[in-house]
Amino acid sequence: MRSLWAMILAGVVAGCSSAPVADLQCPGLVSPLDGTAPLVSRGHDGDGDMIGQMMLRVLEGDMDARPPAAPDPAPGRVIDLNILAISTGGQYGSFASGFLAGWSKSGTRPDFSVVTGASAGGVIAPLAFAGPSFDDRLGLNAGIGEDDVVRRRSFLELLGGATALYRTEPFEALVSAAVDAPLIETIGARWEAENELLIGATNLSSGRFDILDVGKFSARSDLPMATREACVTSAVLATSAIPGLFPPRQINGALYTDAGIREHIFLEGIERGLAQGEALFNVDVRVTAYLLINSDLRVRPDAVEPKLVDIAERSFELVIDEGLRSSLLNSVTVAERAGWRLRAVKAPDYDTLGCPPDDEIFSACITRRLFEEGEKLALAQPVRWKGPAEVRAAAQEF
């Protein structure tokens, strides 16, 4: 792995020009207004308004779903909502894929009113949102190795100003094959039924964390299907574009990269929006938030040499680890503050997978075993869910 970082640094130092990144125009994907302003950005006034409107749609949809002969909802009516949040995790995303597949087979997988995903979780979120009829596609990240995902650039390409160490045509092909018209139509129909699908990405141009409104965009019948397929594919590639390794994506003039630079799990805006809805509609919203953690939350000792590449690699690894832990702790805080029921599962310890160590960013053995273990965990009914205290303890343990 350190040889990869050496190549990255060499490319950064030597690349005096930058390779062009195609700008894909996806009106309305990033903003419900004009396609340029962020849908939600942490730390700015009014950020909760747009995501709050999305949560109001969800609540209105639940109330409208009552039988036609039923009376208007009485004050204080209870509304039960299921939210699914799928974390970042690189190749560990295979765990969430396997868990979702096993969950469907168990017959206990609930319908989700809101699905969120970041990075590896953002790759899986559209399939989870579309429902069990698309479970056959969850295996897209199971049993895949480095050659199934990327092509390493030559040293000359890096010298020419490449935007990333790897070319990602194999990964793009996998995602493109999964994001077809039936998936887009199903996502759009679920959005029309007032459910929400939110995928996060880091906006390099503004420095903000933006949410790509894939659900609403998929429902845009005024756009050609080919455009919707291309834009949703680009959203998935944007959320999972590991900085330095995978090239960023340009959407509506802005460069987007991995969601994990800013956020690993995002529930806070949803909490604010639902609280607004409770007050506006005079209802009691009871949320069960399911959290799929694509990590074993282990920091393994490493023999770090006092060299630039070694230090840079280890530091980046620890920064990402800390970001995930902080997101988990914040998620627990949100759930406890809002009175939500939090149910979480996390990937098994790497040491239990029985896979040989290697320097590849994706291991066929690891992704296959993670999928298998995730499926096995979901099928072992009842699922051994982790509650807030256990999630907090896991996030604080080193």
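- Going by what an unreviewed UniProt entry lists, the protein is known as Lipoprotein and is assigned to Litoreibacter roseus.

### Points about a negative patch on the surface
Argument step 1. Judged by side-chain charge, Asp147, Asp148, Asp358, Asp359 and Glu360 come together as a negatively charged surface patch.
Argument step 2. Topologically, Asp358 is positioned in the loop between strand S11 (341–346) and helix H12 (364–379).
Argument step 3. You can call Asp358 partly exposed: its relative accessible area is 39%.

### Section: helix H10 (residues 268–281)
Argument step 1. In a regular helix each residue adds 1.5 Å, so 14 residues correspond to 20 Å; H10 covers 20 Å between its end C-alpha atoms and thus fits that length.
Argument step 2. Within H10, the full set of buried residues consists of Gly269, Ile270, Glu271, Gly273, Leu274 and Gly277.
Argument step 3. In the stretch just after H10, Asn282 is the one whose phi turns positive, near 55 degrees.

### Observations regarding the state of the cysteines
Argument step 1. The final tally for this structure, using the stated rule, is two disulfides.
Argument step 2. Note on cysteine connectivity: Cys26 is disulfide-linked to Cys231, with sulfurs 2.0 Å apart. With the S-S bond torsion at -90 degrees, the cross-link from Cys26 to Cys231 turns out left-handed. Remark: Cys231 occurs in helix H9 (residues 225–239) and Cys26 occurs in the loop between strand S1 (23–24) and helix H2 (47–64); sequence separation between them is 205 residues. No difference in accessibility class separates Cys26 from Cys231, as the two residues are buried.
Argument step 3. The side chain of Cys355 participates in a disulfide bridge whose partner is Cys365; the two sulfur atoms lie 2.1 Å from each other. Taking the sign of the torsion about the S-S bond as the criterion, the disulfide between Cys355 and Cys365, at about -85 degrees, is left-handed. Linking Cys355 in the loop between S11 and H12 with Cys365 in helix H12, this pair joins segments that are ten residues apart in sequence. Cys365 matches Cys355 in its accessibility class, with the two residues each being buried.
Argument step 4. If the cysteines joined by disulfides in the protein are listed in sequence order, their pairing comes out as 1-2, 3-4.

### Description of the pattern of salt bridges
Argument step 1. Applying the stated rule across the entire model yields 19 salt bridges.
Argument step 2. The closest approach of N and O atoms between Glu375 and Lys105, which form a salt bridge, is 2.5 Å. Remark: Lys105 occurs in helix H3 (residues 93–106) and Glu375 occurs in helix H12; sequence separation between them is 270 residues.
Argument step 3. Under the relative-accessibility criterion, Glu375 is labelled buried at 16%.
Argument step 4. Residue Lys105 is classed as exposed on the basis of its relative accessible area, which comes to 60%.

The rules behind each value
- Residues numbered from 1 in each chain as written.
- Predicted model: local features only at pLDDT ≥ 70, side-chain atom pairs only at ≥ 80, totals over all residues.
- Heavy atoms only, no water.
- Patch = residues over 30% accessible without salt bridge, like charges linked within 9 Å, V, L, I, M, F, W, Y side chains within 5 Å.
- Areas by Shrake-Rupley, 256 points an atom, 1.4 Å probe, with all protein chains shown as cover.
- Salt bridge = Lys/Arg side-chain N within 4 Å of Asp/Glu carboxyl O.
- Lys, Arg positive; Asp, Glu negative; His and termini not counted.
- Charge placed at Lys NZ, Arg CZ, Asp CG, Glu CD.
- Helix = DSSP H or I, 4+ residues; strand = E, 2+ residues; numbered from the N terminus.
- Buried < 20%, exposed > 50% of the residue type's maximum accessible area, 1.4 Å probe, protein only.
- Expected span 1.5 Å × (residues − 1).
- Disulfide = S-S within 2.5 Å.

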